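Spelled out from the first residue to the last, the chains are:
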Amino acid sequence: MKTLLIYGATGYTGRMIAKQAKDAGLNFVIAGRNKEKLDELAKTLDVRAHAFALDDAGALPRHLDGITVVLNCAGPFAHTSESLMRACIIQGVHYLDITAEINVYRLAESLHDLASTARVMLLPGVGWDVVPTDCLAVTIAEKVHEPVRLRIALQVAGSMSRGSAFSVGEIISAGLLARVNGELTTKTDAKTDFFDFGEGKVECAPLSFGDLVTAWHSTGIPNIEMYVHVSGDAFPSGDLSRLPDGPSQEERAGNVARAVVEMTGVDGDIHHAVIETVNGYSYTPLAAVEAVRRVLSGTSQPGFQTPAKVFGADFALSIQGTRISIL
């Protein structure tokens, strides 16, 4: 039987993903570094648990014996992704994760040839925000005559999980980037701009998410920029280790997730579209488990891939509560 391994299953999002995988009837193992926490969760879900760290590259591949797909939920992903990707390539196991950290996507790009030779798929970003933005960009690109510029803006509302807060540090440390004529380059200015998520224009700041990589591979648009609008107490400061695990179910229910794409064609026409869905922390378990289900059923492509290339531009809409508005 094909088997999923969820690494980082005892974290805030990892727990929700493990529960969703159970509800979906998947055959899976939970894994991570803390045996006590893993055993407790395994008992609750009635699944197997496997405790192991990622610091022994030589021993790591054997921990993936009998595994078909790894779903990495352990952030910051800059600290976990390379070990797991390389072990997956050695063992012939597909790798998925839920990160937005741009350097993880650049890493997956760099391992494309190795993974392709091993017939292994590297598919980072199977949750919010990459699934919605990737699918939306492809959907709109099909309607635009020779698109040459793409701008993506995210609306982040409500509080952030402790794990996401640490990942944001990795995103910021990667520098302020944009894709210019097909190449990732450092931006020389950090000017804000205004985007309309459906309720009037709001100010958004530039930031370098993994979409700068995925949108390029999915659409081929040579010039891409990323922005984010933050409201509430998202993007916290201070001692991040003191943050709660993540927002409550009530908080998630009260804060939907939105992203907008602005696409310019070679003729100068500008097209706008918004994708709205459930809160990002609620969306990620649904999208990640659906992605895994499809991979376990045989849907995969070797090497570094993007959600829209593997599952199609309508994949984001397969998650209940998701809709696209063409503006």
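Just so you know, these numbers come straight off a predicted model, no measurement behind them.

Participant: Which parts of the structure should I look at to understand the packing of aromatic side chains?
Facilitator: Two numbers describe a pair of aromatic rings. These are the distance of the centres and the angle of the planes. Per the stated rule, a full pass over the model turns up four aromatic pairs. Relative to Phe 52, the ring of Tyr 7 lies with its centre 5.2 Å away and its plane at 50 degrees, an arrangement referred to as tilted. In this pair, Tyr 7 is assigned in strand S1 (residues 4–7) and Phe 52 in the loop between strand S3 (48–51) and strand S4 (69–72), connecting sequence segments 45 residues apart. Measuring from centroid to centroid gives 5.1 Å for Phe 195 and Tyr 227, while their planes differ by 45 degrees, and the two rings are tilted. Of this pair, Phe 195 sits in strand S10 (residues 193–196) while Tyr 227 is found in strand S12 (residues 223–230), placing the two residues 32 residues apart along the sequence. Considered together, Phe 195 and Tyr 227 belong to a single accessibility category, that of buried residues.

Participant: Honestly, the packing of helix H3 (residues 81–91) against helix H4 (residues 102–110) in this entry has me stumped. Any pointers?
Facilitator: To characterise two packed helices, one gives the angle between the axes of the helices and the distance between these axes. Between H3 and H4, the least distance of the axes is 11 Å, while the angle of their chain directions is 25 degrees. Between H3 and H4, the crossing angle belongs to the class labelled roughly parallel. Judged by the twist between their axes, the crossing of H3 over H4 is right-handed. Seen from H3, the contacting residues are Ser 81, Glu 82 and Met 85; seen from H4, they are Val 104, Leu 107 and Ala 108. Tallied by class, residues from the contact of H3 with H4 come to four nonpolar, one polar and one charged.

Participant: Help me understand the sheet that holds strand S15 (residues 303–304), please; the structure alone is not making it clear to me.
Facilitator: Sheet strands pair via backbone hydrogen bonds, and the direction of the pair is either parallel or antiparallel. Read from one edge of the open sheet, seven strands run S3-S2-S1-S4-S5-S6-S15, paired in parallel fashion. A single partner strand is all that each edge strand has here, and the edge strands are S3 and S15. As judged from the two bridges shared by strand S6 (residues 121–123) and S15, these two strands associate in the parallel manner. Its bridge partner being in S15, Met 121 is matched across the sheet by Gly 303. Strand contacts of helix H1 (residues 12–23): S1, strand S2 (28–32) and S4, with the helix running at about 170 degrees to S2, the strand carrying the most contacts.

Participant: Would you explain the layout of surface pockets in this entry?
Facilitator: Where empty space is left in the structure can be found by rolling a water-sized probe over the atoms. The computed volume of the largest pocket comes to approximately 1,200 Å³. Taken together, 47 residues form the lining of the largest pocket, with Thr 13, Ser 161, Gly 163, Ser 164 and Tyr 281 sitting closest to its centre. The element best represented in the lining of the largest pocket is helix H7 (residues 162–173), accounting for seven residues. Here the residues of the lining of the largest pocket are counted per class, giving 21 nonpolar, 20 polar and six charged.

Participant: Just to check I follow, could you spell out the pattern of salt bridges for this structure?
Facilitator: Between side chains of opposite charge, a pair can form as their charged atoms come close. Applying the stated criterion to the full structure yields 12 salt bridges. Between Asp 193 and Arg 151 there is a salt bridge, with its nearest N and O atoms 2.8 Å apart. Of this pair, Asp 193 sits in strand S10 while Arg 151 sits in strand S7 (residues 147–156), placing them 42 residues apart in sequence. Arg 151 sits in the buried class, given a relative accessible area of 6%. Notably, a salt bridge pairs Glu 225 with Lys 187, separated by 3.0 Å at the nearest N-O pair. With a gap of 38 residues between them, Glu 225 in strand S12 and Lys 187 in the loop between strand S9 (183–186) and S10 connect regions that are remote in the sequence.

Scoring rules and cut-offs
- Residues numbered from 1 in each chain as written.
- Predicted model: local features only at pLDDT ≥ 70, side-chain atom pairs only at ≥ 80, totals over all residues.
- Heavy atoms only, no water.
- Phe/Tyr/Trp six-rings, centres within 6.5 Å; stacked < 30°, edge-to-face > 60°.
- Helix = DSSP H or I, 4+ residues; strand = E, 2+ residues; numbered from the N terminus.
- Buried < 20%, exposed > 50% of the residue type's maximum accessible area, 1.4 Å probe, protein only.
- Axes fitted to C-alpha atoms, helices over the stretch in contact; angles between N-to-C directions.
- Parallel < 35°, antiparallel > 145°, perpendicular 65-115°, else oblique.
- Left-handed = near helix turned anticlockwise from the far one by under 90°.
- Contact = heavy atoms within 4.5 Å.
- Nonpolar A, V, L, I, M, F, W, Y, C, P; charged D, E, K, R; others polar.
- Pairing = 2+ DSSP bridges.
- 1 Å grid on protein atoms, 1.4 Å probe; cavity = no way out; pocket = protein on both sides within 12 Å on 5 of 7 lines; lining within 4 Å.
- Points joined across faces, edges and corners; volume = space filled by probe spheres on them.
- Salt bridge = Lys/Arg side-chain N within 4 Å of Asp/Glu carboxyl O.

In short, the description is geometric, and any link to function would need to be established separately.
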